[in-house]
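Each chain, written out:
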Amino acid sequence: MEIHLDKKIADKDWAKEAESIVRKCVHCGFCNATCPTYQVLGHESDGPRGRIYLIIQLLEGKPADRQTQAHLDRCLLCRACETTCPSGVIYSRLLETGRHMLEQQQKRQAPDRLKRKIMTVVVPRRGLMQAGVNLARPLRPLLPKSLRTQLPLPGKNLDRPKTSHPRKMLLLEGCAQLSLTPETNAATARVLDRFGISLLTESKNGCCGAVRLHTSAREQGLKDVKQRIDTWWPAVEAGIEAIISTASGCGVTVKDYGYLLKDDPEYAEKAYKISELCVDLSEVMIAETGRLPPDPGIKNSLKVAFQCPCTLQHGQKLNGQVELLLQQYNFTILPVADGHLCCGSAGTYSILQPVLSKQLRVDKLEKLQTHSPDVIASANVGCQLHLRKDSSVPVLHWIELLDSLT
Ligand code: SF4
Ligand code: SF4
């Protein structure tokens, strides 16, 4: 696409990068075909190509209004458009730039500002999140299903092995996940223990930066990123094999640390190293299962519908891996139509865009439940909790399925 950068920003590296991304786009519109918001709303400006036009206007210094902000806000940042794009347009980087520019020139309305503020304060702070959970837990029977399903499920096994193996990896405990689905990391620790891997836990838990980076609080988000690097660095120096993420939404962010801090003289090198070490749990399990294959005679009658989070399939390009892994353990993986479409969770999207988010959830659950699964499995805490709100079958993390085998 043609673009003429506004003179005021023409010498900025971020503007030049945006310009080079825009120039790759050939207007073909293939991306609209796989964009969930375009599918639902049918408006050009609610699809990737239309949003790119809006971002070009910003980069050219043309005035933007609340309508522009609404179209960019409605983007899930699911990156399905990147997977589809034949020209390799990295739309997500463009969107982040566009949103950041708009944030500087378009003041949000008070209720929107308040919602965003609350999220950036509460979600990344584990202490506050845990306090909320503790307060809500005794009220569970009185809560509506939409809230009840967001609390940690009773009766889950939270034990972690005490054994210490020579092979060590660092586990990202996360912020929301540790309070809301603590069973995921406990199951991960038990399964990896069987493969002779010990998991080190973080000395100080905290958010990977995703929440604030995606809620118009970029500076605070980058501070979170640096804090994480400082916390993990001693383990990196001690020689850990990998940094494991069990939530694909966190993993995709940590894998991007090298890019996020590429211009920071103090952190660039460390950030790059951390990104290099970061792996999704499925990557570890595929490697370990290759080394120690499961007994082919495992008895397993569970029918599983797997919801592959956008951050796993479009962000980390690991589509189909978990399904293959579960099949090796004789789980029956059911077909799921339109698996490329977002479930509507998308980090904080379900709070900021509740109507669209709910519509996408209803659509996704219909597809997931078409073939009557026993369970729905996911790879990201946000999607898991979001789908639980209306699912008629249990929704869990896939590692719990492997943990249940012994
Ligand atoms: S990131 Fe997702 S919602 Fe946003 S434009 Fe791309 S496909 Fe559409
Ligand atoms: S598919 Fe790629 S090249 Fe085509 S309009 Fe979308 S972003 Fe541009």
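Scroll up to find the structure.
Attention here is on the structure that accompanies the text. Being a predicted model, the structure only gives us computed values, none of them experimental.

1. So, the pairing of strand β1 (residues 167–171)
Logical step 1: For β1 and strand β2 (residues 197–201), the ladder comprises 5 bridges, and the chain directions are parallel. When the bridges of β2 are listed, R167 appears paired with I197.

2. Describing the site of ligand 2
Logical step 1: Around ligand 2, the surrounding shell consists of C25, V26, H27, C28, G29, C31, R49, I52, C85, P86, S87 and V89.
Logical step 2: When its residues are assigned to classes, the shell around ligand 2 shows 8 nonpolar, 3 polar and 1 charged.

3. Concerning the site of ligand 1
Logical step 1: Every one of the 13 residues lining ligand 1 counts as a neighbour, but C35, R51, C75, C78 and C81 are closest to it.
Logical step 2: Listed by contribution, the elements that provide at least two residues to the shell around ligand 1 are α2 (36–41), α3 (48–59) and α5 (80–84).
Logical step 3: For the shell around ligand 1, the residue count by class is 10 nonpolar, 1 polar and 2 charged.

4. Describing unusual backbone geometry
Logical step 1: Phi angles above zero are rare outside glycine, and H27 is one such case at about 65°.
Logical step 2: Relative to the assigned elements, H27 resides in the loop between α1 (13–24) and α2.
Logical step 3: The backbone phi angle of A346 is positive, close to 45°, even though this residue is not glycine.
Logical step 4: Looking at where A346 falls in the secondary structure, it is placed in the loop between β6 (332–333) and α20 (349–352).
Logical step 5: By relative accessible area, A346 is classed as partly exposed at 27%.

5. Things to note about the pairing of strand β7 (residues 375–378)
Here is the key point about a regular strand: its side chains alternate between the two faces of the sheet.
Logical step 1: Where burial is concerned, the two faces of β7 agree: the one with V375 and A377 and the one with I376 and S378 are both buried.
Logical step 2: The pairing of strand β5 (residues 303–306) with β7 spans 3 bridges and is parallel. When the sheet's bridge partners are listed, V304 is paired in β7 with V375.
Logical step 3: Taken together, the 3 bridges between β7 and strand β8 (residues 395–397) define a ladder with parallel strand orientation. From the neighbouring strand, I376 faces β8, where its bridge partner is V395.

6. Considering the sheet that holds β6
Logical step 1: Taken in spatial order, the 4 strands line up as β6-β5-β7-β8 in an open sheet, and their pairing is parallel. Two strands lie at the open edges of the sheet, namely β6 and β8, each paired on one side alone.

7. Description of the nonpolar core
Logical step 1: Of all hydrophobic cores here, the largest spans 34 residues; its most connected members are I244, M285, L326, W398 and L402.
Logical step 2: Contributions of two or more residues to this core are made by β1, α11 (182–194), β2, α17 (281–291), β5, α19 (321–328), β7 and α23 (398–403).
Logical step 3: I3, I56, L77 and C81 belong to the second largest nonpolar core, which has 28 residues in total.

8. Quick word on the environment of L385
Logical step 1: On the secondary structure map, L385 appears in helix α22 (residues 381–388).
Logical step 2: Along the backbone, L385 and L147 are 238 residues apart, and their C-alpha atoms lie at a distance of 9.7 Å.
Logical step 3: With sequence-adjacent residues up to four places away left out, L385 is seen in contact with T149, Q150, L180 and T181.

The rules behind the values
- Residues numbered from 1 in each chain as written.
- Chains lettered and ligands numbered in written order.
- Predicted model: local features only at pLDDT ≥ 70, side-chain atom pairs only at ≥ 80, totals over all residues.
- Heavy atoms only, no water.
- Pairing = 2+ DSSP bridges.
- Helix = DSSP H or I, 4+ residues; strand = E, 2+ residues; numbered from the N terminus.
- Near = heavy atom within 4 Å.
- Nonpolar A, V, L, I, M, F, W, Y, C, P; charged D, E, K, R; others polar.
- Buried < 20%, exposed > 50% of the residue type's maximum accessible area, 1.4 Å probe, protein only.
- Core = buried A, V, L, I, M, F, W, Y, C linked by side-chain atoms within 4.5 Å.
- Contact = heavy atoms within 4.5 Å.

By themselves, these figures tell us nothing about what the structure is for.
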